[in-house]
Amino acid sequence: MDLDITADQHDLLTLCALRADDATLDWSLLARGAQSPDSLAALMDGQLHEDSRAATKNRPLLQQALSAGLDAARARVDDELAAADKAGARLVTVLDKDYPANLRVIGNLPPFLFYRGELDQRDARSIAIVGTRQASEDGLRRAARMARELVDHDVAIASGLAKGIDAAAHQATLTAGGRTFAVMGTGIAAPIYPAENRPLAKAILSAGGALLSQFWPTSPPAKYTFPRRNVVTSGTTLGSVVIEASSTSGAKMQARLAAEHGKLVFLIRSLADTQPWAKKMLDEGRAILVTASSDITDRLGQAADIQAAGQQRQQLALAGL
């Protein structure tokens, strides 16, 4: 296997692959508890130091799974790593300094990301542009314009590689010569979903962007994968701007997640005028009304400063603070 994996990374993936009575462990709990080699070693010894309801529930599961042995989990990890390697993907985990700075600060962070393309420190200064798959022509135009204007201010654009608003944002960023990365709802070695966006995914990689996935590399699309994808799309960015989204849209969920993550939530005026949920978020002070791209860019820091703050947070985690 050519994929360069450390023993600690392999151990972290093995913990994620453990099963006890058909139950898996809480991956975010593992991610929070495995940010240093010492804390990873404690987990491998069955110790969960976090004092939370999730820890209380998972502690006996962890100990039961470890007592049953690691062979099956390690075999699963090796199979998935082989699939990732074949797809030309790489791995970054919470143990690594190049784990995305913005993602490290959320409570429900993933323990690992598989990715194709390049991670870049500029991604620290990024905004997610999201919205419905069933976008109107006006919505597509607004997404493209927002992407272009943010690129003009050295903002990296994230989205979810879905059809509609996501695809418009990615494509407009590429056309403007900006950086974009896509957070996928499938494994990194699974066929690109939706199939119609395979050329777009290829173009993102050709332009030096990245495809990211928090799932096992062979994972197909499933109902649960897209809400989880929204968590990472929010988490990897400084904020999310919602262009067009109904009350049942995943983009509405991402706005809620971003607010819970302490990220910036931006809602454009046409959305606020037509969607009660958007007006409610604005009225409650959980979102910012966008009438010009400067409403977003005036609130963003510089990538190097954001990256440094993320590394400082990791050092605090390592020190047990």
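Fair warning: this is a prediction, and the values are worked out from it, not measured in the lab.

S.K.: What's the story with the sheet that holds strand E3 (residues 90–93) in this structure? I'm lost.
M.R.: The pairing of strands in a sheet comes from backbone hydrogen bonds and takes either a parallel or an antiparallel form. Spatial ordering of the open sheet is given by E3-E4-E8-E7-E6-E5-E9-E10-E11, a layout of nine strands whose pairing is mixed. The open sheet has two free edges, formed respectively by E3 and strand E11 (288–290), since each of these has just one partner strand. Direction aside, the axes of adjacent strands within the sheet are offset by 30° on average. Where helix H8 (residues 198–206) meets the sheet, its contacts fall on strand E4 (112–117), strand E7 (180–183) and strand E8 (210–213), and the angle it forms with E8 comes to roughly 115°.

S.K.: Teacher, can you tell me more about the pairing of E4 here?
M.R.: Moving residue by residue along a regular strand, the side chains alternate between the two faces of the sheet. Judged from the four bridges that link them, E3 and E4 form a sheet pairing that is antiparallel. In the sheet register, Arg90 faces E4, and the bridge partner there is Tyr115. Of the strand pairs in this sheet, E4 and E8 are connected by four bridges, and their pairing is antiparallel. Counterpart to Gly117 in the pairing with E8 is Ala210.

S.K.: Looking at this structure, how should I read the packing of aromatic side chains?
M.R.: To describe a pair of aromatic rings, one takes the distance between the centres and the angle between the planes. Scanning the entire structure with this criterion turns up six aromatic pairs. Arranged with centres 5.4 Å apart and planes meeting at 90°, the rings of Trp27 and Trp216 form a pair that is edge-to-face. In this pair, Trp27 is assigned in helix H2 (residues 27–33) and Trp216 in the loop between E8 and helix H9 (225–235), connecting sequence segments 189 residues apart. Taking the centre distance of 6.4 Å and the plane angle of 90° together, the rings of Phe215 and Tyr224 count as edge-to-face. For Phe215, a relative accessible area of 4% translates into the label buried. Three or more aromatic residues joined by ring pairs form one cluster here, namely Trp27, Phe112, Phe114 and Trp216.

S.K.: I would appreciate a short explanation of unusual backbone geometry in the present structure.
M.R.: Leave glycine aside and you will find that most residues have negative phi; peptide bonds, for their part, are mostly trans. Omega for the bond connecting Tyr193 with Pro194 falls within 30 degrees of zero, at -5°, which places this linkage in the cis form. Summarising the element assignment, Pro194 is placed in the loop between E7 and H8. You will see that Asp22, though not glycine, has its phi angle at about 70°, which is positive. Following the sequence through the fold, Asp22 ends up in the loop between strand E1 (19–20) and strand E2 (23–24). The exposed category is assigned to Asp22, whose relative accessible area is 67%.

Cut-offs and rules
- For every chain, the first residue of the written sequence is number 1, and numbering continues from 1 onward in sequence order.
- Per-residue local features of the predicted model are confined to residues with pLDDT of at least 70, and side-chain atom pairs are confined, for both listing and counting, to 80 or more; whole-chain, interface and lining totals are unaffected and use all residues.
- Only hydrogens and water are set aside; all other atoms, that is, all heavy atoms of the structure, feed into the side-chain values.
- When DSSP finds two or more bridges between a pair of strands, those strands are recorded as paired.
- Numbering of helices and strands runs from the N terminus, with a helix taken as a DSSP run of H or I at least four residues long and a strand as a DSSP run of E at least two residues long.
- Lines fitted to the C-alpha atoms define the axes, with helices restricted to the stretch that makes contact. Angles between their N-to-C directions range from 0 to 180 degrees.
- Between two residues, a contact is recorded if the distance between any of their heavy atoms is within 4.5 Å.
- What counts as a ring pair is set by centres within 6.5 Å for rings of Phe, Tyr and Trp (its six-membered ring), and what kind of pair is set by the plane angle: stacked under 30 degrees, edge-to-face over 60, tilted for all other angles.
- Classification of residues uses two cut-offs on accessible area relative to the type maximum, computed with a 1.4 Å probe and protein chains only: under 20% is buried, over 50% is exposed, and between them is partly exposed.

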